[in-house]
There are 2 protein chains.
Amino acid sequence: MGSESFMELVKGRRSIRRFLPKKVPREVMESCLEAARLAPSGENVQPWRFLVLDEPDRIRDFGEQAFSGIYRFTRWALKAPVIVVILAKLDILTNRIGAHLQGTQYYLLDIGIAGTHLMMRAYEQGLGGCWIGWFNAKKAARALRVPKKYRVVCCMALGYYEEPRKRRKKKYELGKVAWFNEMP
Amino acid sequence: MGSESFMELVKGRRSIRRFLPKKVPREVMESCLEAARLAPSGENVQPWRFLVLDEPDRIRDFGEQAFSGIYRFTRWALKAPVIVVILAKLDILTNRIGAHLQGTQYYLLDIGIAGTHLMMRAYEQGLGGCWIGWFNAKKAARALRVPKKYRVVCCMALGYYEEPRKRRKKKYELGKVAWFNEMP
């Protein structure tokens, strides 16, 4: 109430793709995961699963598969101290029937919500990071031996960092993306 | 750094479906929208658009269409002082070609991220709310005269509230949803 700290976190946040070679303590990651665990989801399905890679060998084995070929532009993530692979557990009722009725893969919204909890808790603890959608999900699943009941949705690179010199990405002005009561 | 305020927000948060009959000032809503505006998105596409309904007549006209028939279980939202309708602006390259290559509607992840920024800023300002996926998106689009280039994805009910007496929904334990380095 009356606090501005979340807003400050939002204003200070920027995507981080270069990291310091410094280990991220397990307690720090666990607190990020705890923030994700408490996120809301449609029908409380909690479709998210998080596979955290924090061993350099695992990251290399994973990244060589996931960031190959047309996905090589994501190879910067190989240098991240942590990669969180986000999986969806596909629940039949809400995800298949619901998605069919509504035409929307709602579990992706849920994963966006939980992932944001994770990401913002990471920033609050001094980490930075970046969502990754551009990777070979099939090869990633194979490299990680992901059972068929899970779908590899996206990943995140996380780690400690120095403030980048690059300028922030421009965002649309508010009037371009938000309106009251009537379509513009 | 070292702050716990986001974590406290996450721990204190619960979905709110009953609201006090109290108007939400425009400045408060604008700050929520500003938090959403600054969210990251794949290729910085910023696919989100927010149509905020804060006039009782607009909410009623919208809700009578959106929450009818099999969607009537969402009629509680008619009593919310604010309904945010979230639209996606469908960008051809990232959303259609990208989704086709990857099999994932990535704009939904982006909308989950921006929506969480909006929602958590709402909680930070003393509001509560709930994501809504169960509504008639076609009728909603018609009631709101949404042009074809936008897709109605979901909505959110927001407002001031008294702490509900109902128990919190149970969440899976951390070990059920998060693992380090190896699938369980």
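What counts and how
Residues numbered from 1 in each chain as written. Chains lettered and ligands numbered in written order. Predicted model: local features only at pLDDT ≥ 70, side-chain atom pairs only at ≥ 80, totals over all residues. Heavy atoms only, no water. Phe/Tyr/Trp six-rings, centres within 6.5 Å; stacked < 30°, edge-to-face > 60°. Buried < 20%, exposed > 50% of the residue type's maximum accessible area, 1.4 Å probe, protein only. Lys NZ or Arg CZ within 6 Å of the ring centre and 35° of its normal. Helix = DSSP H or I, 4+ residues; strand = E, 2+ residues; numbered from the N terminus. Axes fitted to C-alpha atoms, helices over the stretch in contact; angles between N-to-C directions. Left-handed = near helix turned anticlockwise from the far one by under 90°. Contact = heavy atoms within 4.5 Å. Nonpolar A, V, L, I, M, F, W, Y, C, P; charged D, E, K, R; others polar. Arc of directions from axis to C-beta. Pairing = 2+ DSSP bridges. Least-squares fit on C-alpha atoms with pLDDT ≥ 70 in both.

A. A look at the packing of aromatic side chains. By the definition in use, this model includes seven aromatic pairs over all chains. For the pair A:Phe62 and A:Phe67, a centre-to-centre distance of 5.7 Å together with 85° between the ring planes defines the contact as edge-to-face. Both residues of the pair, A:Phe62 and A:Phe67, belong to the buried class. The ring of A:Tyr160 carries A:Lys22 above its face, with NZ or CZ at 4.2 Å from the centroid. The lysine or arginine in question, B:Arg17, covers the ring of B:Trp76, its NZ or CZ lying 5.7 Å from the ring centre.

B. Up close: the environment of A:Leu53. Residue and element names in this part refer to chain A. Tracing the backbone through its elements, the reader meets Leu53 in strand β1 (residues 48–53). Accessibility expressed as a relative area gives 0% for Leu53, which makes it buried. Here the alpha-carbon distance between Leu53 and Phe180, two residues 127 residues apart in the chain, equals 43 Å.

C. Expanded view of the packing of helix α2 (residues 26–37) of chain B against helix α5 (residues 106–124) of chain B. Residues and elements named next belong to chain B. Direction vectors running N to C along α2 and α5 enclose 145°, while the axes themselves pass 7 Å from each other. Between α2 and α5 lies a crossing of right-handed hand. Mapping the contact onto sequence places Ser31, Cys32, Leu33, Ala35 and Ala36 in α2 and Ala114, His117, Leu118, Arg121 and Ala122 in α5. Split by residue class, the contact of α2 with α5 holds seven nonpolar, two polar and one charged.

D. Structural detail: helix α1 (residues 5–12) of chain B. Residues of α1(B) that are buried: B:Phe6, B:Met7, B:Leu9 and B:Val10. For α1(B), the angular spread of the buried residues around the axis is 155°, confining them to a single face. For α1(B), the elements touching its buried residues are α1 (5–12), α2 (26–37) and α5 (106–124) of chain A together with α5 of chain B.

E. Focus on the sheet that holds strand β4 (residues 150–159) of chain B. Taken together, the five strands give an open sheet; going across it, the order is β5(A)-β1(B)-β2(B)-β4(B)-β3(B), and neighbouring strands pair in mixed fashion. Whereas interior strands pair on both sides, the edge strands pair on one side only; in this sheet they are β5 (178–180) of chain A together with β3 (128–132) of chain B. This sheet shows a mean twist of 20° between the axes of neighbouring strands, independent of strand direction. Summarising the sheet, β3(B) and β4(B) pair through five bridges and their orientation is antiparallel. Looking across to β4(B), one finds that B:Trp131 is bridged to B:Met156.

F. Region of the structure containing the relation of the copies chain B and chain A. When chain B is fitted to chain A, the best match, at an RMSD of 0.0 Å, comes from turning it 180° and sliding it 0.0 Å along the axis. The superposition operator between the copies reduces to a two-fold rotation axis. Across chain B, the smallest distance between a C-alpha and the rotation axis is recorded for B:Gly112, namely 2.1 Å. Of the residues that chain B buries at the interface, 100% are likewise interface residues in chain A, meaning the two copies contact each other through the same surface.

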